[in-house]
Each structure stands twice: as structure tokens, then as C-alpha cells.
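# An overview of the molecular structure
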Amino acid sequence: MAERMDGKLVSASVKQRVADETAKLKEKGITPGLAVIIVGDDPASRVYVNNKKKACAAVGFYSEEYTLPENTTMEQLLSVIEVLNSREDIDGILCQLPLPEHLDEQAVIDAIAVDKDVDAFSPANVGKIMIGNYDFLPCTPAGVMEMLKYYSIPVAGKHCVVIGRSNIVGKPAAMLMLHENATVTICHSKTQNLKDICKTADILVAAVGKAGFVTADMVKDGAVVIDVGINRIDGKLYGDVAFDEVEKKASFITPVPGGVGPMTIGMLMQNTLKAAKLHHNIEE
Ligand code: NAD
């Protein structure tokens, strides 16, 4: 039976670390500031934004929320970002995705100043991650790595299979595993023999967006299974992994909810702290 990796616990330890460092910054008169923009009234986005604001308050950050109506134009959204880019009291800017369809998500990401892009979605930050010389790591994949570290799970030399190749999760997760010297395979919707490939994984990361997609017959005995998926069915949350059956085979497993989800916010706090330090030329 697998050991459950407790994202709430690990995230709390990350946030405690951030809160301690923030208290020290405040003694120097510096308060990290995060601006969160939400467009429209997607209920899931609303929950995420509320949780981000709560986390900011808990670690001692200043935060601002911009709630813009569904019919906001690109011009209006870009002008909000432009003002935030120039403000000295704002260290991080994030625009909650997904955006309504009429808005150009990539153009919005591109508009956020690179040194305030605490989601690390901009081409410049993605490029830095590729090179391995980065300031911010994308929050969800960074949260996965933090959990592996917390549970002392070795990554170097292991075969890591990532299912999913999105710019937000799959691709950066694979890159971070590679930085830690894993041998990485990325699988996606066109992959052939998916089950056979997954069965060779020492660490299996599921970022597909389909409830119960990873079944026990796809998992090697003793594998570490990281479930990034968040699927809402009748108001209840399910991961991409068929938890009850896979738990019996894996050595470690993340539950949904309470696994990778809480880590994302912890890492956002870490990135915002880092941005504030960079803006004030404070060494790590
Ligand atoms: P996405 O839809 O952009 O990407 C899904 C990926 O799954 C694609 O690359 C696709 O190729 C792959 N895929 C789809 N069907 C497949 C199949 N049959 N076989 C193999 N691969 C297949 O989604 P995303 O943004 O990467 O998110 C993935 C999941 O992670 C979603 O459930 C999302 O809600 C969740 N998520 C969680 C967090 C968190 O904080 N825990 C953050 C972001 C996303």
C-alpha cells in the first residue's frame, strides 16, 4: 500500500518558510505584493483566486484583486497589466487562466513584465527554464518537485513518464525532472502503447484532465504516482489516477484533493517572495 504524499502538509511548510522570510523583509520596510487578475465568473477560477488571496494574507504579502467582467476587451485588460507592470509595490502579477475565448491568452501572458511573471508562463521565463538558469519555476511542476524532495524520493537516474504535454504542466514538469537528472518520456494523446510505456515508469506524472485515466494495469509495482489532474464531476474533485486501485501498487501516491493542488499556491508564494527580493536586490 502506497504512502500518501500530503500536499497540504508540504505546502504549509513552504508557506511557513515564505512567511518567515517575509517577516525579515518587512523589518527592512519591504512587503512583497501580488496582483491577481480574474476575467469573467468561472467558478473554479473564483475558488483558485480566493485561495491565492488567502495565502497572501497568511504569509504577510500585500495583495490586490482585479475582477474584470466577462466582456472585457484586450485593450482594457492590457491597460490594467501595463499599470501593474510599472508599480513599485507590485512584485508579482498573475492573470487567472483560462480567459474568456475572445481574449488572446498568449498576448496577455506576453504583456506581463518578465520579472513579475510569477506563474513563469512568459516565453522569456520558459526559455530560462529550458536553459536551466531561471528565477521562477511554473508553480504546479515546481510543486511536484518540492513534494518529491520533501518525501526524499530520488529522481536522478529514474525513468520518469509524464502524461500530458501542456505548456503549463506537462512540458515544464518534464523539463524539471530532466534538470534533476531523470530519464524522461513525455506521452500525449497521440502516443502509441501508452500502457506499456507507463509500466516502465519509476515516477509517473499524470496531467491529462481525465478522471481515473491511469489504472493499476498501467503502473509498475512500487512506482511513485503523482496525480496533477483536477476533474470536477457533480461538484466533487477527482484526479487523473484511479486512486483506490493504484494505491495498492504504488510506493508513493498523491491524493486528489490534497495532493499537488495545494502545492501550486505554496510555490506561487515562493515565486512572489523571490520577485520581491529581485526587485530590491536582496541576495538569496
Ligand atoms: P491540457 O488539456 O492542456 O493538456 C492535457 C494533456 O493530456 C495534453 O497534452 C494531451 O496530449 C494529453 N492527453 C489527452 N488525452 C490523452 C490520452 N488519451 N492519452 C495520453 N495523453 C492524453 O491540460 P493541463 O492544463 O495540462 O492540465 C492537466 C490536468 O491538470 C487538468 O485536470 C487540470 O485541471 C490539472 N491542473 C492541475 C493543477 C494543480 O494545481 N494541481 C494546475 C494546472 C492543471
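Residues numbered from 1 in each chain as written. Predicted model: local features only at pLDDT ≥ 70, side-chain atom pairs only at ≥ 80, totals over all residues. Heavy atoms only, no water.

Cis rather than trans, the peptide bond between L97 and P98 has omega equal to 0°. When you line up the elements, P98 lands in the loop between β4 (92-95) and α4 (105-111). Look at the link from V256 to P257: it is a cis peptide, with omega at 0°. By secondary structure assignment, the location of P257 is in the loop between β11 (252-253) and α10 (260-279). Residue A120 is not a glycine yet carries a positive backbone phi of 60°. Its location among the elements puts A120 in the loop between α4 and α5 (123-131). A relative accessible area of 2% places A120 in the buried class. (Helix = DSSP H or I, 4+ residues; strand = E, 2+ residues; numbered from the N terminus. Buried < 20%, exposed > 50% of the residue type's maximum accessible area, 1.4 Å probe, protein only.)

With respect to the element layout, N271 can be found in helix α10. Its relative accessible area of 6% is what places N271 among the buried residues. Not counting chain neighbours up to four residues away, the residues in contact with N271 comprise V118, F136, L137 and C139. (Contact = heavy atoms within 4.5 Å.)

Before going further, it helps to examine the sheet that holds β4. With parallel pairing, the 3 strands of this open sheet are ordered in space as β3-β2-β4. Where the open sheet ends on each side, the last strands, each with one partner, are β3 (62-68) and β4. Strand-to-strand, the axes of this sheet are offset by a mean angle of 15°, without reference to chain direction. Two elements, strand β2 (residues 33-39) and β3, share 7 bridges in a ladder whose sense is parallel. The residue bridging I38 from the neighbouring strand is T67, located in β3. Running at roughly 160° to β3, helix α2 (residues 43-59) makes contact with β2, β3 and β4 of the sheet. Sitting on the sheet, helix α3 (residues 74-86) is in contact with β2, β3 and β4, with an inclination near 180° to β2. (Pairing = 2+ DSSP bridges. Axes fitted to C-alpha atoms, helices over the stretch in contact; angles between N-to-C directions.)

Okay, the packing of aromatic side chains next. The relative placement of two aromatic rings is captured by the distance of their centres and the angle of their planes. Summed over all chains, the structure comprises 2 aromatic pairs. An aromatic cluster of at least three residues, connected via ring pairs, comprises Y150, Y151 and F252. (Phe/Tyr/Trp six-rings, centres within 6.5 Å; stacked < 30°, edge-to-face > 60°.)

The next point concerns the site of the ligand. Around the ligand lies a shell of 21 residues, among which R165, S166, H188, I230 and T264 are the nearest. The contact in question runs from a nitrogen atom of the ligand to an N or O atom on the backbone of H188, over 3.4 Å. Note that an oxygen atom of the ligand is positioned 3.0 Å from one of the backbone N or O atoms of I230. Its free accessible area being 850 Å², the ligand has 72% of it covered by the protein chains. Tallying contributions element by element places α10 first for the shell around the ligand, with 3 residues. (Near = heavy atom within 4 Å. Polar contact = N/O pair within 3.5 Å; in protein donor to acceptor, adjacent residues only side chain to side chain. Areas by Shrake-Rupley, 256 points an atom, 1.4 Å probe, with all protein chains shown as cover.)

Within the largest apolar cluster, 54 residues are counted, with the highest numbers of intra-cluster contacts made by M5, L148, M177, I226 and M269. Broken down by element, the residue count for this core peaks at 9 residues, all from α10. Two domains each provide a minimum of three residues to this core, namely domain 1 (27-115) and domain 2 (139-261). With residues near it in sequence (within four places) discarded, I226 still touches M5, V144, L148, I203, L204, V205, A206, T254 and V260. Among the nonpolar cores identified, the runner-up in size contains 19 residues, and A201, L204, V225 and I253 belong to it. (Core = buried A, V, L, I, M, F, W, Y, C linked by side-chain atoms within 4.5 Å. Domains from an automatic or database assignment.)

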